[in-house]
Amino acid sequence: MALLDWAKKADFDMIFKRYNVIIEGPAIKPEDDPDVKKVLPTAEPFKSLAMAVIFGDSEKAVQAAKSALDRGTAPLDVIEKGLAKGMDAVSALYAKGAYFLPDIMLSADAMTAAMQVAEQKLGRAREKKGTVVSFVAEGDPHDIGKNLVVMFLKANGFEAIDLGRDVPNSQVVDAVKKYKPVMLTGTALMTTTMTAFPKVAEMLKEQGLSVPVFGCGGGAVKRDFVESYDMGVYGVKAFHAPKLAEAALAGKSFKDIRKEYPKIVGEFVAEYADRM
Amino acid sequence: MGVRRYTKMAYKDPDEMVFGHAKFPVLEHWNVQFGAGYVVPEVKVAPEPGTERSKETLVKEMASIAEQAAARAVDIGLPAFMVEQEHVFQQTYHADWGYACTLAQAEVLKKYYDEYGVCAALRQTVGDLRIEEKGGLRGSEYDNAIAQCVEECCKAGASDICAETMGGKSVLDYGVMRGDIRAILFGIGYLGSIDMEYFWKRTVAQCAKYDTRPAGDTNCSGANTCMYVAGGLLGKDMSHTGAALARAISAARSLVAVECGATGPLKDCGYENTIIKAITGVPICQEGKNAVCAHADVMGNLTCQVVDCWSNESVFHREEMGGPTPAVWLQATGYEAALMNTAIQTGNAKTLRDLYTFTDMFRDPQGTLLAYPNAYRVGKAIVEYGKDIYLRARAAALEASKIMMEAYEAKLLQMTRFELDTLRKYTSILESLPMEAEIFVDQCMREYPRKIPTFDPKSYGL
């Protein structure tokens, strides 16, 4: 067969290059990564809590939380000085391509499990940074993007109200009325379901409602479309969602966020290359 | 209608497979044949956002898409072409919209066929509106709407019907996000196959009443989700080896449509179609380098290797410098098909096939797996356990793993640590899974209904 002969002779570098293999550095332990070192606590029990989150080990995270609480560590410190720091490290590893989506999900699961133990001791849920309402456009059943957005928001200390998929526009408006979120997120895979976004923006305006940011993204959604209606900010990656919400919390308007998107999310974003 | 499980391959040797030829060609009205010795170009255009606001505007939009494509087909001298329309929500949900839109396009294509003799096919891909947590996959309002729409599209003159059903997606999504290969196998391979049987027994029976072929169903919601989440070489959401395993599993699932009576040409975005063609001999549509308008992929040439109908996947309906998108992108797929047809006519088909294959065979693990000699191996693994939907999906994944590891060890396929580690980890999990479907399902049912709120076991008769 020609394919086998060609495989012996061809110089593959002249056909393609696997840049992911080429740029791969030596394997290092997550805790030795310089960006992780910056956020990783050095004192116990916080280091163990953070490490359990970094390794996405729910059992160890729960164990470390129980043990810290038994020894008198304040529940809020368990969360803020231990678990949350582990999640910060995970975000750093993800942003640089050392960690992948499943790593983040397992870390988020570990953090959630251990946080529940700490919150039980605290007697209430820890205070959240703010509330975000998330939905998938009416007529659209594709929700993996929305699920990621919700996960990233929760892992970063936001109250994420998940309205689900195929959500009627009126239900989105009602949720904005009820929760007064700092950000609304809408996702759609299809070009024809994304038309729900301007309709929602219009309905909010008609009812005298607004949100600081209406982050929209997914499949066929593009920046020029999202920027064609008020409040719309085109969200490129799910993990940008907490950064956008934090910007809104800090008082930035949707117009500011549109202008400063790459700066706010802290990385090069091709879709906003003209605004770097 | 029964389900005919495949336990042997349609082709004796992978080298018998080449573009434009299928063991079982399909003839559709307006005289288009698929797999009968030539490749048919396809164009698919999504209606301009906003045109779905009323039935009238959408019907007008559909007619315009068909007219622009047909006019360009004649202008550049294409012998045959296909227009595929993937439905927007409203088009499937309101059966009368589905009817009117199909009729408008059918009338245009018939007019061009009558006037110029240009052979044309009209594919209607109904939307899978069903949502597990909203009434389930069987007998819900959405499910009934789909069934009614299929009927109306057939009545209105569709040449064939396709779908991209979503069975097993809730569990698959969980597996993708958690890196859980068992959930991916359960979601696509087991639940997906069960839902396919439900959906395609019905659809095949409906099409049989009309001059409409039940064409097929891709695992767009599963294996393509994995492929797109994995992204390009610098993607950081899923390993490309994991996405390749999902693809192998999806072949066992998408095969079910053919087992229920679907004839092909299988739908374009089913990258698993090469495997299914090897097993069944039905013609296939594919997409690749001329689908750059829709997405980036890492096997733009390879997917031409054994294609029978070459597609652009999807593009917005708008103006390009070269004209409206239905015209422009049919021209793109039309010239690629012309190259393949020239190769067939000049006796160079196998050489061109191998060139297409070789450009991408080691660019990415999924390309390695789908290169036709390897796709054939996955097909053989499937038919070995052909009667058991679980075991054959597991066997497909294990064979795919073997193929990728062999290419890696031969220093042909390079992998990152993440790709290699994931492959080794997933393989070891797959190997450790039980050899009895009942035990596997029991294990999954103990875990996933509890962890995945949107998973509705009743939708699968579980």
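These figures come from a predicted structure and were not determined experimentally.

Looking now at the packing of aromatic side chains. All names here are of chain A. Counted by the stated rule, this structure contains 28 aromatic pairs over all chains. Their ring planes at 40° and their centres at 5.9 Å tell us that Y94 and F152 sit as a pair that is tilted. With Y94 in helix 6 (residues 75-95) and F152 in helix 8 (residues 144-155), this residue pair connects regions lying 58 residues apart in the sequence. Residue Y94 shares its accessibility class with F152, and that shared class is buried.

With that settled, consider the packing of helix 5 (residues 58-70) of chain A against helix 7 (residues 101-122) of chain A. The packing of two helices is summarised by the inter-axis angle and the distance between the axes. Residue and element names in this part refer to chain A. The interhelical angle for the contact between helix 5 and helix 7, taken along N-to-C directions, is 25°, at an axis separation of 8 Å. Taken together, helix 5 and helix 7 sit at an angle that is classed as roughly parallel. Crossing of helix 5 against helix 7: the hand is right-handed. Residue-level contacts link S58, A61, V62, A65, K66 and L69 of helix 5 to D109, A110, A113, A114, V117, A118 and K121 of helix 7. Tallied by class, the residues present in the contact of helix 5 with helix 7 amount to nine nonpolar, one polar and three charged.

Below, the discussion takes up the domain arrangement of chain A. All names here are of chain A. Split by domain assignment, chain A resolves into domain 1 (25-122) and domain 2 (131-275). One C-alpha centre belongs to domain 1, the other to domain 2; they are set 28 Å apart. Taken together, the eight residues of domain 1 in the interface contact six residues of domain 2. Taken together, both faces of the contact between domain 1 and domain 2 bury some 610 Å²; the carbon and sulfur share is 79%. Of all residues in domain 1, the largest losses of buried area upon contact with domain 2 belong to Y94, L101 and M105, amounting jointly to 44% of the total for that side. Taken together, the connections running from domain 1 to domain 2 amount to zero salt bridges. On inspection of domain 1 and its partner domain 2, the count reaches zero residue pairs in polar contact (both at pLDDT 80 or more).

So, on to the sheet that holds strand 8 (residues 285-287) of chain B. Residues and elements named next belong to chain B. One open sheet accounts for seven strands, arranged 7-6-5-4-3-9-8; its pairing is parallel. What marks the edges here is a single partner per strand, and that holds for strand 7 (213-217) and strand 8. Each adjacent strand pair in this sheet contributes to an overall mean axis angle of 25°, direction not counted. Two elements, strand 3 (residues 40-44) and strand 9 (residues 309-311), share two bridges in a ladder whose sense is parallel. Each residue of the ladder has a partner; that of V40, found in strand 9, is C309. Lying over the sheet, helix 3 (residues 95-116) contacts strand 4 (80-86) and strand 5 (119-126), oriented at roughly 170° with respect to strand 5.

So, how was this worked out
- Residues numbered from 1 in each chain as written.
- Chains lettered and ligands numbered in written order.
- Predicted model: local features only at pLDDT ≥ 70, side-chain atom pairs only at ≥ 80, totals over all residues.
- Heavy atoms only, no water.
- Phe/Tyr/Trp six-rings, centres within 6.5 Å; stacked < 30°, edge-to-face > 60°.
- Helix = DSSP H or I, 4+ residues; strand = E, 2+ residues; numbered from the N terminus.
- Buried < 20%, exposed > 50% of the residue type's maximum accessible area, 1.4 Å probe, protein only.
- Axes fitted to C-alpha atoms, helices over the stretch in contact; angles between N-to-C directions.
- Parallel < 35°, antiparallel > 145°, perpendicular 65-115°, else oblique.
- Left-handed = near helix turned anticlockwise from the far one by under 90°.
- Contact = heavy atoms within 4.5 Å.
- Nonpolar A, V, L, I, M, F, W, Y, C, P; charged D, E, K, R; others polar.
- Domains from an automatic or database assignment.
- Buried area = accessible area lost by both parts, 1.4 Å probe.
- Salt bridge = Lys/Arg side-chain N within 4 Å of Asp/Glu carboxyl O.
- Polar contact = N/O pair within 3.5 Å; in protein donor to acceptor, adjacent residues only side chain to side chain.
- Pairing = 2+ DSSP bridges.

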